[in-house]
Amino acid sequence: MALEIEGLYKSFGNNLVLNDVSFQINRGEIVTVIGPSGAGKTTLLRCINGLEKSDKGSIKIDGYLVCGDKKDNAQRCSKKELRTVRKKVGYVFQNFNLFPHMSVMENIIEAPIYVAKMDKEEAEEKAKSLLEGLGLSEKVFAYPFQLSGGQQQRVAIARACALDPILMCFDEPTSALDPEMRGGIANIIEGLAKDDMAILVITHDMAFAKRVSHRLLFMEDGILTAEGYKHNNFEDMDNERIMNYINGYY
C-alpha cells in the first residue's frame, strides 16, 4: 500500500479543516480529491507531505508512519524518519515553486545530491533522462523565467520524480494550462501510474479529473462524503448535488 490515512483530523484555531479523513491508495492507482474551495484538500496534501502537523489520526507511506495516534494526539515521526519518508513522496505545487536563480538542471539535481547523497554525475544523467522523457532535452540550461507555464510544470514533475517516489501528489496541475497542455499533463500522469507510482491529485478541473482518475473522492467541510470509480463512470457517487458538481453545474 503506497498511502494509508486513518481518522485524520486537522484544525486551525476553532476551524476544523480535516474531519475524520480515511482512505488508501495503491501503487499504480490515480486518486483525485475534488470538492469546493475551502474543503480541506490542500491541507490534506500538506499533512501527507509533513508540511502541516495533523492533530489526530495516522498517515503511512509505503508502510512508514508519518504520524500516528498516541493518547488521542498525532505523534510525528522523528526528523530522520521524516527525511526517509519524504524521499518516497513527490509533490508538484500549484505554482511549481522552481528555484528562479537555478537552471533547469540545477533545480532537478538539488534534492538527489543533497537529500539522497547521489553522486553529481549520476544525478545529472538521471535529470537528462527525465527531461528527455518529458520533451525538454533542449531546456537543460534554461532558467524558469525562460520557460512557458507548461514547460515549468514539466520541470517541476521531473524534479519530483528525481528521487523515484512511490507516491506523487499534484496540487491543481492544470490551473495555469491551456486545453492542449492539459492533455499533455494527463498523459504524463497516466504514464507515471503505469510505471507503478501511486498518484494523488487535487483539482477543480472536472474534465481532467474524469479523464485521469481511477477513483474520485468528494470532500466538503473537511469530510470525505462520497467515492466513485471510473469503471462505473463515477455514478457510484449517487448524489444529485455531487454529480452536478462533477458535471460542471455547481
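Keep in mind the model is a prediction, meaning the values are calculated, not measured. (Residues numbered from 1 in each chain as written. Predicted model: local features only at pLDDT ≥ 70, side-chain atom pairs only at ≥ 80, totals over all residues. Heavy atoms only, no water.)

Below, the discussion takes up a positive patch on the surface. Together, Lys79, Lys80, Arg83, Lys87 and Lys117 make up a positively charged patch on the protein surface. Overall, Lys80 belongs to the exposed group, its relative accessible area being 63%. (Patch = residues over 30% accessible without salt bridge, like charges linked within 9 Å, V, L, I, M, F, W, Y side chains within 5 Å. Areas by Shrake-Rupley, 256 points an atom, 1.4 Å probe, with all protein chains shown as cover. Salt bridge = Lys/Arg side-chain N within 4 Å of Asp/Glu carboxyl O. Lys, Arg positive; Asp, Glu negative; His and termini not counted. Charge placed at Lys NZ, Arg CZ, Asp CG, Glu CD. Buried < 20%, exposed > 50% of the residue type's maximum accessible area, 1.4 Å probe, protein only.)

Once that is clear, we can look at the nonpolar core. With 40 residues, the main nonpolar core has Ile108, Ile157, Met168, Phe170, Leu192 and Ile199 as its most contacted residues. If you list the elements that add at least two residues to this core, you get helix H3 (104–114), helix H4 (120–133), helix H5 (149–161), strand E8 (167–171), helix H6 (179–194), strand E9 (198–202) and helix H7 (206–212). Residues within four places of Phe170 in sequence aside, it is in contact with Leu45, Val92, Ile157, Ile189, Leu192, Ile199, Leu200, Val201 and Ile202. Judged by nonpolar contacts, the second largest core, of 32 residues, contains Ala2, Leu3, Val33 and Val85. (Core = buried A, V, L, I, M, F, W, Y, C linked by side-chain atoms within 4.5 Å. Helix = DSSP H or I, 4+ residues; strand = E, 2+ residues; numbered from the N terminus. Contact = heavy atoms within 4.5 Å.)

Structurally, the position occupied by Ile113 is in helix H3. Sequence-wise, Ile113 and Leu163 are 50 residues apart; in three dimensions their C-alpha atoms are separated by 9.8 Å. Other than its neighbours up to four places away in sequence, Ile113 contacts Met118, Lys120 and Ala123.

What follows concerns the pairing of strand E3 (residues 30–34). Among the five residues in E3, five count as buried, and that is most of the element. Here E3 shows a buried face lined by Ile30, Thr32 and Ile34 and a second buried face lined by Val31 and Val33. Inspection of the sheet shows E3 paired to E9 by four bridges, in the parallel sense. Of the residues in E9, the one forming a bridge with Val33 is Ile202. Looking at chain direction, E3 and strand E10 (residues 215–220) are connected through four bridges and run parallel. The partner of Val33 across the bridge, within E10, is Leu217. (Pairing = 2+ DSSP bridges.)

So, on to the sheet that holds E3. The strand order E7-E8-E9-E3-E10-E11 describes an open sheet built from six strands, whose pairing is mixed. Since the sheet does not close on itself, it has two edges, and those belong to strand E7 (89–92) and strand E11 (223–229), each with one partner. Adjacent strand axes in the sheet meet at a mean angle of 20°, parallel and antiparallel pairs treated alike. (Axes fitted to C-alpha atoms, helices over the stretch in contact; angles between N-to-C directions.)

Topologically, Arg86 is positioned in helix H2 (residues 79–86). The exposure class of Arg86 is partly exposed, given its relative accessible area of 37%. Arg86 has contacts with Asn49, Gly50 and Leu51, leaving out every residue within four places of it along the chain.

Further remarks concern unusual backbone geometry. In this model, Asn97 sits at a positive phi of 55°, which is unusual for a non-glycine residue. If you trace the backbone, Asn97 turns up in the loop between E7 and H3. By relative accessible area, which is 41% here, Asn97 ends up partly exposed. Residues other than glycine seldom take positive phi values, yet Glu172 does so here, at roughly 50°.

It is worth spelling out the confidence of the model for the protein at this point. Low-confidence regions, as indicated by low pLDDT, have predicted coordinates that should not be scrutinised in detail. When pLDDT is averaged across the protein, the result is 89; 94% of the residues are at 70 or more. Put simply, strand E6 (residues 73–76) is where the protein has its lowest mean pLDDT, 62, and strand E2 (residues 15–25) is where it has its highest, 97. (pLDDT = per-residue confidence, 0-100.)

So, about the packing of H3 against H4. Interhelical geometry of H3 versus H4 gives an angle of 125° and a closest axis separation of 9 Å. Taken together, the axes of H3 and H4 are oblique relative to one another. For the crossing formed where H3 meets H4, the hand is right-handed. Here Val104, Met105, Ile108, Ile109, Pro112 and Ile113 of H3 come into contact with H4, specifically with Lys120, Ala123, Glu124, Ala127, Lys128 and Leu131. For the contact of H3 with H4, a count of residues per class yields nine nonpolar, no polar and three charged. (Parallel < 35°, antiparallel > 145°, perpendicular 65-115°, else oblique. Left-handed = near helix turned anticlockwise from the far one by under 90°. Nonpolar A, V, L, I, M, F, W, Y, C, P; charged D, E, K, R; others polar.)

Before going further, it helps to examine the packing of aromatic side chains. All told, the structure shown has one aromatic pair when counted by the stated rule. Each ring, one from Tyr91 and one from Phe93, has its centre 4.2 Å from the other, and the planes form 20°; the classification is stacked. Residue Phe93 is classed as partly exposed on the basis of its relative accessible area of 25%. Its guanidinium or amino end placed over the ring of Phe99, Arg159 lies 5.5 Å from that ring's centre, counting from NZ or CZ. (Phe/Tyr/Trp six-rings, centres within 6.5 Å; stacked < 30°, edge-to-face > 60°. Lys NZ or Arg CZ within 6 Å of the ring centre and 35° of its normal.)

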